[in-house]
Amino acid sequence: MDKIELMTTTCTSGDSGGPVYAYYNGNYKIVGIICGWTTVNQSIPATVYIPCGEVTSKLGVTPLTA
């Protein structure tokens, strides 16, 4: 993948491959897929994720939504 993002929340073992949701205009939207964790400034936990647009364009797939 060419692009990854960080968010300052903590993921845990087994979360990889899980969805990242964001709340927009009263609805939840899938925005990415968790791929790991790291720290920012050597102390702030951060989750590493791949944006959905990156996954859909590279793999030619569409996320399932309910």
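Calculation criteria
Residues numbered from 1 in each chain as written. Predicted model: local features only at pLDDT ≥ 70, side-chain atom pairs only at ≥ 80, totals over all residues. Heavy atoms only, no water. Salt bridge = Lys/Arg side-chain N within 4 Å of Asp/Glu carboxyl O. Buried < 20%, exposed > 50% of the residue type's maximum accessible area, 1.4 Å probe, protein only. Core = buried A, V, L, I, M, F, W, Y, C linked by side-chain atoms within 4.5 Å. Helix = DSSP H or I, 4+ residues; strand = E, 2+ residues; numbered from the N terminus.

1. Remarks on the pattern of salt bridges
On inspection of all chains with the given rule, the structure shows one salt bridge. Its salt-bridge partner being K3, residue E5 comes within 3.6 Å of it at the nearest N-O pair. Residue class for K3 comes out partly exposed when judged on its relative accessible area of 44%.

2. A few points about the nonpolar core
Of all hydrophobic cores here, the largest spans six residues; its members are C11, V20, A22, V31, I34 and Y49. Elements represented by at least two residues in this core include exactly β2 (19-24) and β3 (27-40).

3. Let's talk about unusual backbone geometry
In the Ramachandran plot, N25 falls in the positive-phi region, its phi being about 45° despite a non-glycine side chain. Relative to the helices and strands, N25 resides in the loop between β2 and β3. Phi is positive for N41, which is not a glycine, with a value near 55°. Checked against the element boundaries, N41 lands in the loop between β3 and β4 (44-51).

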